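# Secondary and tertiary structure notes
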Amino acid sequence: MAAKQMEEIQKKLGMLNYPRANAPAQSLLFAGMERYALLEWLFFRDLAEIAKFLGITTTVETEVIQGRGTYEDCTEMLRLIVDLVEASIYADNPEWSIDEQVAKDIQLIDSIAERQAQIFSEECKLFPADVQIQSIYPL
C-alpha cells in the first residue's frame, strides 16, 4: 500500500515538474538532503501560489520568493509578506474582536443617521466665492 502511494506521489511530483521526482523513494521519505530539497521546493512552490492568490504577486514568482529576483522585487515581496504577518498578528489579538468592531461601526452609522440633518444641513460650497459658477438653471 505505501509503495503504491509513493509511486503516486512521485508521479504527481513529475507532473508538477519537480526536477528530482525520480529520486529513490527512501531518499524522499527520510531525513536527508534529498528530502529537505523536496520540502523546500514544495514550500517555495506553495508559497508562490499563495502569494499570487493573495495578490502579493501577479504571477507565480518562485525566483523572487526564493530570493533570486531583483533587489527591488525581493524587497517588495518581503515588505508585503511582513505586512501580511503583521496584519495576521493583530487579527489574532484576543483584545480585538470583529463583533466589537462591527458593533462600533453600527454605532457610528446610527449616530450619523440620527444627526443627518445637523451634519448635512449647510449648503456645500465647492468653489470660493470669487469663482462661483452661476447657473441659469436652479439646482
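Since the structure is predicted, the reported quantities are computational estimates derived from the model, not experimental observations.

## Things to note about the pattern of salt bridges
Scanning the model with the defined rule gives two salt bridges in all. For Arg79, the salt bridge goes to Glu76, with nearest N and O atoms at 2.7 Å. Taken as a pair, Arg79 and Glu76 lie in helix H5 (residues 71-91) at a separation of three residues, close to a single helical turn. Taking the relative accessible area as the measure of exposure, Glu76 reaches 36% and is therefore partly exposed.

## Concerning unusual backbone geometry
Within the chain, Asn17 stands out as a residue other than glycine whose phi angle is a positive 70°. Structurally, Asn17 can be placed in the loop between helix H1 (2-15) and helix H2 (25-29).

## Digging into a nonpolar patch on the surface
A cluster of nonpolar side chains, namely Met33, Tyr36, Leu39 and Leu42, defines an oily patch on the protein surface of about 430 Å² accessible area. Its place among the elements puts Leu42 in helix H3 (residues 33-54). Residue Leu42 is classed as partly exposed on the basis of its relative accessible area of 33%.

Criteria and cut-off values
- Per chain, the residues get numbers from 1 upward, laid out in the order the sequence is written.
- Side-chain atom pairs in this predicted model are given and counted only at pLDDT of 80 or more, local residue features only at pLDDT of at least 70, and totals for whole chains, interfaces and linings cover all residues.
- As a rule here, side-chain values come from all non-hydrogen atoms in the structure, and water together with hydrogens is ignored.
- Take a side-chain nitrogen of Lys or Arg and a carboxyl oxygen of Asp or Glu: if they are within 4 Å of each other, that pair is a salt bridge.
- Strands are runs of DSSP state E lasting at least two residues, helices are runs of H or I lasting at least four, and both sets are numbered from the N terminus onward.
- Exposure classes here rest on a 1.4 Å probe applied to the protein chains alone. A residue is buried below 20% of its type maximum, exposed above 50%, and partly exposed in between.
- A patch is a set of surface residues, each over 30% in relative accessible area and not in a salt bridge, joined within 9 Å for like charges and within 5 Å for the nonpolar side chains Val, Leu, Ile, Met, Phe, Trp and Tyr.
- Areas reported as accessible are Shrake-Rupley estimates using a 1.4 Å probe. Residue values count occlusion only from the protein chains shown.

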